[in-house]
Amino acid sequence: MADGFFGHPFRRLFFSPPIFRDWSGSTAQMDWLESPTAHIFKLNVPGFNKEEIKVQVEDGNVLHIRGEGGKEESNPKDMVWHVAERGIEKREFSREIELPENVKVDQIKAQVENGVLTIVVPKDTTPKASKVRNINITSKL
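Residues numbered from 1 in each chain as written. Predicted model: local features only at pLDDT ≥ 70, side-chain atom pairs only at ≥ 80, totals over all residues. Heavy atoms only, no water.

Trainee: Before we move on, can you summarise the sheet that holds strand β3 (residues 38–44) with the specific residues and values?
Mentor: Here we have four strands laid out as an open sheet, ordered β2-β3-β8-β7, and antiparallel in their pairing. The open sheet has two edge strands, β2 (30–34) and β7 (109–113), and neither has a second partner. Between one strand and the next, the sheet's axes are offset by a mean angle of 15°, whatever the strand orientation. Of the pairings in the sheet, the one linking β7 to strand β8 (residues 116–122) comprises five bridges and is antiparallel in character. Paired with Val112 across the bridge in β8 is Leu117. (Pairing = 2+ DSSP bridges. Helix = DSSP H or I, 4+ residues; strand = E, 2+ residues; numbered from the N terminus. Axes fitted to C-alpha atoms, helices over the stretch in contact; angles between N-to-C directions.)

Trainee: Which residues make up the packing of aromatic side chains, and what values do they have?
Mentor: Under the definition given, this model contains two aromatic pairs. Ring plane angle 45° and centroid distance 4.7 Å describe the contact between Trp32 and Phe41, whose orientation is recorded as tilted. Where Phe48 meets Phe93, the ring centres are 5.2 Å apart and the plane angle is 85°; that geometry is what we call edge-to-face. Taken as a pair, Phe48 in the loop between β3 and β4 (53–58) and Phe93 in strand β6 (residues 91–98) lie far apart in primary sequence, 45 residues in all. Across the pair, exposure class does not vary: Phe48 and Phe93 are buried alike. (Phe/Tyr/Trp six-rings, centres within 6.5 Å; stacked < 30°, edge-to-face > 60°. Buried < 20%, exposed > 50% of the residue type's maximum accessible area, 1.4 Å probe, protein only.)

Trainee: Explain the nonpolar core to me, and be specific about the residues and the numbers.
Mentor: With 16 residues, the main nonpolar core has Phe41, Leu43, Val45, Leu63, Ile65, Leu117 and Ile119 as its most contacted residues. Looking at this core, the elements that each hand over two or more residues are β3, β5 (62–69), β6 and β8. Broken down by element, this core gets its largest block of residues, three residues, from β8. Here Ile119 is in contact with His39, Ile40, Phe41, Leu43, Val55, Leu63, Ile65, Ile108, Lys109 and Ala110, once residues within four sequence places are set aside. (Core = buried A, V, L, I, M, F, W, Y, C linked by side-chain atoms within 4.5 Å. Contact = heavy atoms within 4.5 Å.)

Trainee: Outline the pairing of β4, listing residues and values.
Mentor: Within a regular strand, the side chains alternate between the two sheet faces. Note: β4 against β5, six bridges, orientation antiparallel. Pairing of Lys54 across the sheet is with Arg66, part of β5. What sits between β4 and β5 in their antiparallel hairpin is a turn of three residues, with Asp59 showing a positive phi close to 55°.

Trainee: Break down the side chain of His39 for me, with residues and values.
Mentor: Relative to the helices and strands, His39 resides in strand β3. Relative accessible area serves as the criterion here: at 3%, His39 is assigned to the buried category. Among the polar contacts listed, one links the side chain of His39 to the side chain of Trp32, at a separation of 3.1 Å. For His39, the contacting residues outside a window of four places in its chain are Trp32, Leu33, Glu34, Pro100, Asn102, Val103, Ile119, Val120, Val121 and Lys123. (Polar contact = N/O pair within 3.5 Å; in protein donor to acceptor, adjacent residues only side chain to side chain.)

This is the structure in structure tokens:
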């Protein structure tokens, strides 16, 4: 039973928790939807533009999503801060998702619009060869 869980695509979500370091401590919240033809990931990335986000496939099937935003410009020296709730620190996040085996990693597409990053990972619908292999039995090794 445990082997089934540790090989599951959500394993990295539970044992490599999502990281979103930000002044507020919020996370890059994600939805993972599956249609008959694709896996669709939607992440909240408010304030990040496409140049600040990197989407990569590592180790063959690990989708790695990173965002790194610059620091907010500081006010001139003659200004006095009364409240600083929005933060002026560097913003960054990182998520890793282990993709299922039946995807086309070379056809992944991503788009960011209105603070939402959408990643579409097409499924590979071609039948796979059986992973069962018969072993001949002999009387001597």
